Amino acid sequence: PRQALRGVAGGVAGPRDLAALATLTGRDMLAPAALVRRARDTSTRRALAAAGFSEGFVERFFRPFLSGVFLEEDLATSSRFFHLVWRSMARGTICLPAAGVAAVPELLASALPPGTLALESPVTALTDDGVVVDGGREVAARAVVVASSPTVAAALLPGLPLPPYRTVTTYYHLTPRSPLREPTLVTDVRRRFTNSCVLTEVQPGHAPRGYALVATSVLGADTAGRERTLRDALAECYGTDTGGWELLTARTVAEALPAMEPGLPLSRRSRRAAG
Ligand SMILES: Cc1cc2nc3c(=O)[nH]c(=O)nc-3n(C[C@H](O)[C@H](O)[C@H](O)COP(=O)(O)OP(=O)(O)OC[C@H]3O[C@@H](n4cnc5c(N)ncnc54)[C@H](O)[C@@H]3O)c2cc1C
């Protein structure tokens, strides 16, 4: 948001929207998080209207940007959640590790005593004394914390209520020339993609020398012909011919984010049994 404030001052926002953006960002950044948590919950779209933003600015700025954060296009997500996300973005910095985002769990794991982590060992059942690993081996535990994907959590804990989940697909294209020589997130007011970024402008090591890597996300799955249409949209947005771009891979994450509608409890009791 801090960079966005400077960016939107360049033309997308009029004085009223700029003033509202400065007020909203300043308050979310400086007010205690408890205030945000206790605030009345509504949809993000209603909260933005109540904060004084014009419909045009919401459509040109907030909706395209937030659709890539919430993975939905209607700004129907809980305003409380929006303020907490906006607060984190305003107070923190955005980064992409040189070794990829896997560097984050690897860093956390490296601080643990040897033998603490067991990889490639899926838990297949919970027992009164611990867990069953890989359908056979029992491992005793004083307490079990289930922090898996939603489908696995629901299988391990029958009756666990699950919200609907949002799906996102990211297309990775290689091109010999960077279509935008800056580390900027490109959004699309015409809803053809949620965001696109030349990753090699953020981390040059993410592609072989002499190539640029472009990552573009769309809501939903990778359907037939979607990449072709996307290529045309990217040609228009980057102002370049994308016909020669090489599709490296398309990655779909089916359970990328739960739907977080107004009324969402930010925390709740989750103990299912003793231990
Ligand atoms: C495309 C995408 C982009 C994102 N971008 C951002 C971002 O920029 N910033 C941000 O803050 N968040 C981002 N997120 C969200 C972030 O990745 C998640 O919030 C975070 O990873 C959740 O962590 P977790 O530990 O709860 O779950 P996960 O990271 O999903 O970890 C669950 C773990 O459970 C393991 N597991 C599954 N089944 C079993 C089993 N049976 N037994 C044992 N283990 C099992 C899995 O192997 C996995 O390691 C993004 C998510 C997606 C999909």
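To start, this report covers the structure provided alongside it. Per chain, residues are indexed from 1 in the order of the written sequence. Reporting of local features is limited, given that this is a predicted model, to residues whose pLDDT is at least 70; pairs of side-chain atoms are given and counted only at 80 or more, and all residues count toward the totals for whole chains, interfaces and linings. In computing side-chain values, all of the structure's heavy atoms are included and hydrogens and water are not.

In this structure, the second largest pocket spans a volume of roughly 1100 Å³. Lining the second largest pocket are 38 residues, and of these Val146, Leu157, Leu160, Ser270 and Arg272 lie nearest its centre. Among the elements that make up the lining of the second largest pocket, the one with the highest residue count is helix α8 (residues 150-156) (three residues). Amino acid classes used here: Ala, Val, Leu, Ile, Met, Phe, Trp, Tyr, Cys and Pro are nonpolar; Asp, Glu, Lys and Arg are charged; the rest, including Gly, are polar. Within the lining of the second largest pocket, the residues separate by chemical class into 24 nonpolar, six polar and eight charged. With a 1 Å grid spanning the protein atoms alone, the term cavity applies to any set of points in which a 1.4 Å probe fits but cannot get out, the term pocket to an open set with protein on both sides within 12 Å along at least five of seven lines, and the term lining residue to any residue with an atom within 4 Å of a point. Grid points are joined across faces, edges and corners, and a volume is the space filled by probe spheres set on the points. Think of it this way: any DSSP run of H or I at least four residues long counts as a helix, any run of E at least two long counts as a strand, and we number them from the N terminus.

All right, on to the side chain of Glu227 then. Of note, Glu227 is situated in helix α10 (residues 226-238). What qualifies as a polar contact is a pair of N or O atoms within 3.5 Å, subject to a donor-acceptor requirement within protein and to the restriction that residues adjacent in sequence count only when both atoms come from side chains. Of note is the side chain of Glu227, whose polar atom sits 2.6 Å from the side chain of His173.

Turning next to the sheet that holds strand β7 (residues 246-258). Only strands that DSSP links by at least two bridges are regarded as paired with each other. Taking strand neighbours across the sheet as the criterion, the four strands line up as β5-β6-β4-β7 in an open arrangement whose pairing is antiparallel. Sheet topology places β5 (195-198) and β7 at the edges, where each strand pairs with a single neighbour. Taking each pair of neighbouring strands and ignoring which way they run, the sheet shows an average axis angle of 15 degrees. Pairing analysis gives eight bridges linking strand β4 (residues 165-175) to strand β6 (residues 212-219), with the strands arranged antiparallel. From the neighbouring strand, His173 faces β6, where its bridge partner is Val214. In what follows, a contact means two residues having at least one pair of non-hydrogen atoms within 4.5 Å. Every angle, taken between N-to-C directions, lies between 0 and 180 degrees, and every axis is a line fitted to C-alpha atoms, over only the stretch in contact when it is a helix. Strands in contact with α10 are β4, β5, β6 and β7; relative to β4, the strand with the most contacts, it is inclined by about 65 degrees.

Note that strand β1 (residues 123-126) and strand β2 (residues 130-133) share three bridges and pair antiparallel. Of the residues in β2, the one forming a bridge with Leu126 is Val131. As consecutive antiparallel partners, β1 and β2 are separated by three residues.

Think of a salt bridge as a Lys or Arg side-chain nitrogen and an Asp or Glu carboxyl oxygen that are within 4 Å of each other. According to the stated counting rule, one finds 12 salt bridges in the structure shown. The salt bridge partner of Arg63 is Glu59, with a shortest N-O separation of 3.1 Å. Taken together, the residues span about one helical turn, with Arg63 and Glu59 both in helix α5 (residues 55-70) at a distance of four residues. For Glu59, a relative accessible area of 25% corresponds to the partly exposed category. Beyond isolated ion pairs, a larger network of salt bridges with shared partners links Arg45, Glu55, Glu59, Arg63, Glu73 and Arg191. To sort residues, take the accessible area from a 1.4 Å probe on protein chains only and compare it with the maximum for the residue type: under 20% means buried, over 50% means exposed, and anything in between is partly exposed.

A word on α5. Working rule for helices: expected span equals 1.5 Å times residues minus one. Over its 16 residues, α5 runs only 19 Å from end to end, short of the ideal 22 Å by more than 12%, given 1.5 Å per residue. Note on α5: the residue one or two positions beyond its end, Leu71, has a positive phi of about 60 degrees.

This part covers unusual backbone geometry. One non-glycine residue, Leu71, adopts positive backbone phi at about 60 degrees. Positionally, Leu71 belongs in the loop between α5 and α6 (79-91). Given the relative accessible area of 10%, Leu71 is considered buried. Non-glycine residue Arg191 carries a positive phi angle of around 65 degrees. Given a relative accessible area of 37%, Arg191 falls into the partly exposed group.

With that out of the way, let us pick up the packing of aromatic side chains. Between two aromatic rings, the relevant description is the distance of the centres plus the angle of the planes. Note on ring pairs: Phe, Tyr and Trp rings are taken, using the six-membered ring of Trp, and paired if centres are within 6.5 Å. Classes follow the plane angle, with under 30 degrees stacked, over 60 edge-to-face and the rest tilted. Applying the stated criterion to the full structure yields 11 aromatic pairs. Taken together, a centroid distance of 5.8 Å and an interplanar angle of 85 degrees make the contact between Phe57 and Phe62 edge-to-face. For the pair Phe57 and Phe62, a shared accessibility class is recorded, and that class is buried. On the numbers, 5.4 Å between centres and 50 degrees between planes, the contact of Phe62 with Trp86 is tilted. One end of the pair, Phe62, is in helix α5; the other, Trp86, is in helix α6, with 24 residues separating them in the sequence. Each member of the pair, Phe62 together with Trp86, is buried. Taken together through their ring pairs, the aromatic side chains of Phe53, Phe57, Phe61, Phe62, Phe65, Phe82 and Trp86 make up a single cluster.

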